Amino acid sequence: MLTNHHAHTRYSDGIGEPEDYLRQALREGFATYTFSDHAPIPPEDIGSMPLADLAAYGNEIDNLRVAYHDRIRIFKSLEVDFLPDVMNVNSPHIRSAGLDFTVGAVHYVDRLPDGRPWSFQQPEPVFSRGIDTIFGGDSRRMVERYYALLREMLVTHPPDIVAHLDRIKRRNATGDYWDENAPWYRAAVEETLDALQGAGAIMEVNTRGVYLNDGNGMYPSSWIVARAHARGIPLQVNSDAHRPEHVSGGFAEAYRLLRELGVNAVTVYMDGGFGETELPVLD
Ligand SMILES: [Zn+2]
Ligand SMILES: [Zn+2]
């Protein structure tokens, strides 16, 4: 059974209408498909979806759900940023959006000297500027702060699904800033898995780095997937598609890897709740 719980459209930073993604998902035989565009961040207005578009986004998904009800199950979600004192899955506009479930993520770590939240996903020179100006050039302190924010999210406002747990590695593909095998890095991840387990959240295996060939493979790395599986944390494979042709991008590789790690089931949303289903075979 093919599913995807994390994907975007032109309502945030994706390309194409929601229906373009659905048509592609139908061509590929998906059983369910979820829209989870980036949620608006009203107080800061830094999100890629304006608050004014949120109602139209919800209405469009509701209409597609009806129009396609005999062909595919459609779910409504948002990828919700965690920004302390600003935004989380329990913010009023998220709670009133009528979502089936939430996808939570940290994309910003503290603030640049001018007060703007610092997106660690920005390419150079913004990436190193953030490490220099916020963390005195200490990338370890920055990474530990990222994982601390994830834990704060999981303890205070846990989402149903945690997106790309180690997204912080995005600009470190060549290991210029830190070594993922360093004991301090592994400890930060383990502590975050503790929080994830405590929150009862699902850990996403995000394939975006696989089909974009960004040098990082899956988010999170396979050793983290193995640790999560050993702890009994529920797993789920998502493409984080920003273009219709990517709805199942990297799935074959991710499913193969999960099987190698002894994972036989993923946790997916059906009508009304999450449950385990057998890992699909794509290759
Ligand atoms: Zn994200
Ligand atoms: Zn996303």
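Just above, that's the structure.
Let me begin by describing the structure that accompanies this report.

Conventions we followed
Residues numbered from 1 in each chain as written. Chains lettered and ligands numbered in written order. Predicted model: local features only at pLDDT ≥ 70, side-chain atom pairs only at ≥ 80, totals over all residues. Heavy atoms only, no water. Donors = N, O, S within 2.8 Å, 3.2 Å for Na, K, Ca; no water. Helix = DSSP H or I, 4+ residues; strand = E, 2+ residues; numbered from the N terminus. Buried < 20%, exposed > 50% of the residue type's maximum accessible area, 1.4 Å probe, protein only. Core = buried A, V, L, I, M, F, W, Y, C linked by side-chain atoms within 4.5 Å. Contact = heavy atoms within 4.5 Å. Tetrahedral: all angles 85-135°; square planar, octahedral: opposite > 155°, others 65-115°. Polar contact = N/O pair within 3.5 Å; in protein donor to acceptor, adjacent residues only side chain to side chain. Phe/Tyr/Trp six-rings, centres within 6.5 Å; stacked < 30°, edge-to-face > 60°. Arc of directions from axis to C-beta.

**A few points about the coordination of the zinc ion (ligand 1)**
Then, in step 1: For the zinc ion (ligand 1), the protein coordination sphere consists of E79 (OE), H107 (NE2) and H164 (NE2), at 2.1 to 2.2 Å.
Then, in step 2: Ordering the donors of the zinc ion (ligand 1) by residue number gives the pattern E-x27-H-x56-H.
Then, in step 3: Taken as an interatomic distance, the gap from the zinc ion (ligand 1) to the zinc ion (ligand 2) is 3.6 Å; E79 donates to each of them. With H107 in the loop between β3 (103-105) and β4 (108-111) and H164 in the loop between β6 (161-162) and α6 (183-199), this pair connects stretches of sequence that are 57 residues apart.
Then, in step 4: We classify H107 as buried; its relative accessible area is 5%.

**Notes on the nonpolar core**
Then, in step 1: Y33, W118, M203 and L258 are the most contacted members of the largest nonpolar core, which has 81 residues in total.
Then, in step 2: Ranked by residues supplied to this core, first place goes to helix α5 (residues 139-156) with eight residues.
Then, in step 3: When near neighbours in sequence (up to four residues on either side) are disregarded, Y33 contacts N4, A7, Y21, L22, A25, I72, R73, I74, F75 and V247.
Then, in step 4: Membership of the second largest hydrophobic core comes to eight residues, among which are F101, V103, A105 and Y269.

**Notes on the coordination of the zinc ion (ligand 2)**
Then, in step 1: Bound to the zinc ion (ligand 2) on the protein side are H6 (NE2), H8 (NE2), E79 (OE) and D240 (OD), at distances that span 2.0 to 2.3 Å.
Then, in step 2: What the four donor atoms of the zinc ion (ligand 2) show is an angle range of 83 to 168° at the metal, which sorts the shape as irregular.
Then, in step 3: Along the chain, the residues that donate to the zinc ion (ligand 2) are spaced as H-x1-H-x70-E-x160-D.
Then, in step 4: You can call H6 buried: its relative accessible area is 0%.
Then, in step 5: Residue classification places H8 among the buried residues on the basis of a relative accessible area of 0%.

**Description of the side chain of H6**
Then, in step 1: Here H6 shows up in the segment before α1 (18-27).
Then, in step 2: For H6, the side chain forms a polar contact with the side chain of E79, separated by 3.0 Å.
Then, in step 3: Beyond its immediate sequence surroundings of up to four residues, H6 is in contact with S36, E79, V103, A163, H164, E204, N206, N238, S239, D240 and A241.

**Regarding the packing of aromatic side chains**
Then, in step 1: Applying the stated criterion to the full structure yields 18 aromatic pairs.
Then, in step 2: Residues F101 and Y269 carry aromatic rings whose centres are separated by 4.8 Å and whose planes lie at 50° to one another, so their mutual orientation is tilted. Note that F101 is positioned in the loop between α3 (92-95) and β3 and Y269 in strand β9 (residues 265-270), a separation of 168 residues in sequence.
Then, in step 3: Under the relative-accessibility criterion, Y269 is labelled buried at 9%.
Then, in step 4: An angle of 75° between the planes, with centres 5.8 Å apart, marks the rings of W184 and Y185 as edge-to-face.
Then, in step 5: We classify W184 as buried; its relative accessible area is 17%.

**Topic: α1**
Then, in step 1: Within the sequence span of α1, burial applies to P18, Y21, L22, Q24 and A25. One side of α1 holds all its buried residues, which, seen down the axis, span an arc of 165°.
Then, in step 2: Against the buried residues of α1 lie β1 (32-38), α2 (54-67) and β2 (73-81).
Then, in step 3: At the C-terminal side of α1, G29 shows a positive phi close to 80°.

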